[in-house]
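Chain and residue survey
Now for the letters of each chain:
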Amino acid sequence: MLSQRPSPVPILFMVLCAMPASAGDLNVVLPMPESKRYVSECGSCHTAYSPTYLPARSWRKLMLELDRHFGEDASLPQMERDQLLAQLEVLAGDTPRAVPAIAARNARVAVTETPVRVTEMPFFAFMHDEVPAAIWRRAKVGSKGNCIACHPRAEEGRYFEREIQIPK
Amino acid sequence: MNKLLCLLCLAVPLDAMADSPTQILAQLQASAGTSASVERGRQLYHGKFTGEKAESCATCHTPNPKDVGRHVRTNKVIDPLAPSVNAARFTDMAKVEKWFKRNCNEVLNRACTAQEKADFTAYILSLK
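Computed from a predicted model, the values in this text were never measured in an experiment.

Focus on the overall build of chain B
Along chain B, the regular secondary structure elements total six helices and two strands. Shown N-terminal to C-terminal, the secondary structure of chain B runs as helices and strands in the order α-α-α-α-β-β-α-α. Across the 128 residues that make up chain B, the buried fraction comes to 39%. Sequence separation of 24 or more characterises 56% of the internal contacts of chain B that already satisfy a separation of 6 or more.

Have a look at this one:
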């Protein structure tokens, strides 16, 4: 009779593949909203972050308070706002379309909290814990939310370790 | 025949949507009811106002509108404003008005007048 117990080798392999290597490379392209308006609207002032970085409740809060967006009025016509929000919600970090390794870390945020900064999420801290403070202060980096400064293809959802270019 | 149809599909929306910077300036001047002044636009661009985060257009767009700027808070790169170095600028009236609305509020703490918009645009378009 064949044993029902699965072999530990493929399981170990799967676990290793799912784990970020060292400081980490997910080896996946993060989901981005289909509409080009997401990058053209949100991306004019800051990196257009992948929706997988925040839970759906966070995107709802952000998009419903665009008139008070980190001290700026970033309001959009309601129809456009609703279209973008729908695309963010469906790819958010607590949905079936989320990137599992990111969602697992960010699940440490209590469901009673509604975080609004990608840079304050557990996954961000985990991935950037080796980055010296002096790099964040460089003129071409300047803020932790400026993902695209070091991840040139961030707005295509690409954060591969091999594509990182830290500006001088 | 198919090829011709494809060409038509491509040509029609582009033609209908795109304005040239000089057309945009003409529309802004028409709204202002007077001709624009490059010199007044220069003063507006470089002037210092009461905006808490950005006191001048140059804060983000740099003292030279042909240079790459940076958002004052996020530090994200802002492509040059001058159409002479960035052909995408001043080609979509809705976009132009959107950014006047946002940035005049940020820098001047009020909306810009039609005259100011025309002057500003005349200055930016004068940079070759």
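Digging into the packing of helix α2 (residues 21–32) of chain B against helix α5 (residues 93–108) of chain B
Residues and elements named next belong to chain B. Interaxial distance between α2 and α5 falls to 11 Å at its minimum, and their mutual angle equals 60°. By the criterion of interaxial angle, the relationship of α2 to α5 is oblique. Classified by chirality, the crossing of α5 by α2 is right-handed. Judged by residue contacts, Ile24, Gln27 and Leu28 of α2 engage Met93, Val96, Glu97 and Phe100 from α5. Per-class residue counts for the contact of α2 with α5 are five nonpolar, one polar and one charged.

Concerning the state of the cysteines
Under the counting rule described, the total for this entry stands at one disulfide over all chains. Across the disulfide from Cys104(B) sits Cys112(B); the S-S distance is 2.0 Å. Residues Cys104(B) and Cys112(B) share a disulfide whose torsion about the S-S bond is about -95°; that sign makes it left-handed. The buried category is assigned to Cys112(B), whose relative accessible area is 12%. The thiol sulfur of Cys42(A) is not disulfide-bonded, and the nearest other cysteine sulfur, from Cys45(A), lies at 9.2 Å.

Details of the side chain of Ser35(A)
All names here are of chain A. Structurally, serine 35 is set in the loop between α1 (8–18) and α2 (36–42). A polar contact of 3.0 Å, which involves the side chain of serine 35, links it to the backbone nitrogen of arginine 37. Beyond its immediate sequence surroundings of up to four residues, serine 35 is in contact with Leu84 and Gln87.

Quick look at the confidence of the model for chain A
Residues and elements named next belong to chain A. Summary statistics for chain A give a mean pLDDT of 89 and a share of 86% for residues scoring 70 or more. Confidence, expressed as mean pLDDT per element, reaches its minimum in chain A at α1 with 49 and its maximum at helix α3 (residues 56–64) with 98. The low-confidence segment residues 15–23 (pLDDT under 50) makes seven contacts with residues lying over four places distant or belonging to another chain.

Regarding the interface of chain B and chain A
Taken together, the twelve residues of chain B in the interface contact 21 residues of chain A. Of the roughly 1,400 Å² buried at the junction of chain B and chain A (both faces included), carbon and sulfur atoms supply 37%. Of all residues in chain B, Arg73(B), Lys76(B) and Arg102(B) give up the largest surface area on contact with chain A, accounting jointly for 39% of the area buried on that side. Here chain B is connected to chain A by four salt bridges. In this structure, Glu41(A) engages Lys98(B) in a salt bridge whose closest nitrogen and oxygen atoms are separated by 2.5 Å. Across the contact surface, chain B and chain A share twelve residue pairs in polar contact (both at pLDDT 80 or more). A total of five residues in the side of chain B that touches chain A trace back to one element, the largest contributor, which is α5(B). In terms of residue class, the side of chain B that touches chain A is built from one nonpolar, three polar and eight charged.

Section: the environment of Pro100(A)
Residue and element names in this part refer to chain A. Along the chain, proline 100 falls in helix α5 (residues 100–106). Proline 100 gets classed as exposed once you look at its relative accessible area, which sits at 65%. Residues proline 100 and isoleucine 164, 64 residues apart in the sequence, show an inter-C-alpha distance of 22 Å.

Structural notes on the nonpolar core
Membership of the largest hydrophobic core comes to 30 residues, with the highest contact counts inside it found for Leu30(A), Tyr38(A), Tyr49(A), Tyr53(A), Trp59(A), Met63(A) and Ile102(A). Counting residues per element, the ones that place at least two in this core are α2, α3, α4 (78–90) and α6 (122–128) of chain A. Ranked by size, the runner-up nonpolar core spans 25 residues in total, among them Leu25(B), Leu81(B), Leu108(B) and Leu127(B).

Details of α4(A)
Residues and elements named next belong to chain A. Given a rise of 1.5 Å per residue, 13 residues ought to cover 18 Å, and the 18 Å separating the end C-alpha atoms of α4 matches this to within 8%. Listed in full, the buried residues belonging to α4 are Glu80, Arg81, Leu84, Leu85 and Leu88. For α4, the buried positions fall inside an angular range of 130° around the axis, keeping them on one side. Turned more than 90 degrees away from the buried face of α4 sit Gln78 and Met79, all of them exposed. Buried residues in α4 make contact with α2 and α3.

What counts, and where the lines are drawn
- Residues numbered from 1 in each chain as written.
- Chains lettered and ligands numbered in written order.
- Predicted model: local features only at pLDDT ≥ 70, side-chain atom pairs only at ≥ 80, totals over all residues.
- Heavy atoms only, no water.
- Helix = DSSP H or I, 4+ residues; strand = E, 2+ residues; numbered from the N terminus.
- Buried < 20%, exposed > 50% of the residue type's maximum accessible area, 1.4 Å probe, protein only.
- Contact = heavy atoms within 4.5 Å.
- Axes fitted to C-alpha atoms, helices over the stretch in contact; angles between N-to-C directions.
- Parallel < 35°, antiparallel > 145°, perpendicular 65-115°, else oblique.
- Left-handed = near helix turned anticlockwise from the far one by under 90°.
- Nonpolar A, V, L, I, M, F, W, Y, C, P; charged D, E, K, R; others polar.
- Disulfide = S-S within 2.5 Å.
- Polar contact = N/O pair within 3.5 Å; in protein donor to acceptor, adjacent residues only side chain to side chain.
- pLDDT = per-residue confidence, 0-100.
- Buried area = accessible area lost by both parts, 1.4 Å probe.
- Salt bridge = Lys/Arg side-chain N within 4 Å of Asp/Glu carboxyl O.
- Core = buried A, V, L, I, M, F, W, Y, C linked by side-chain atoms within 4.5 Å.
- Expected span 1.5 Å × (residues − 1).
- Arc of directions from axis to C-beta.

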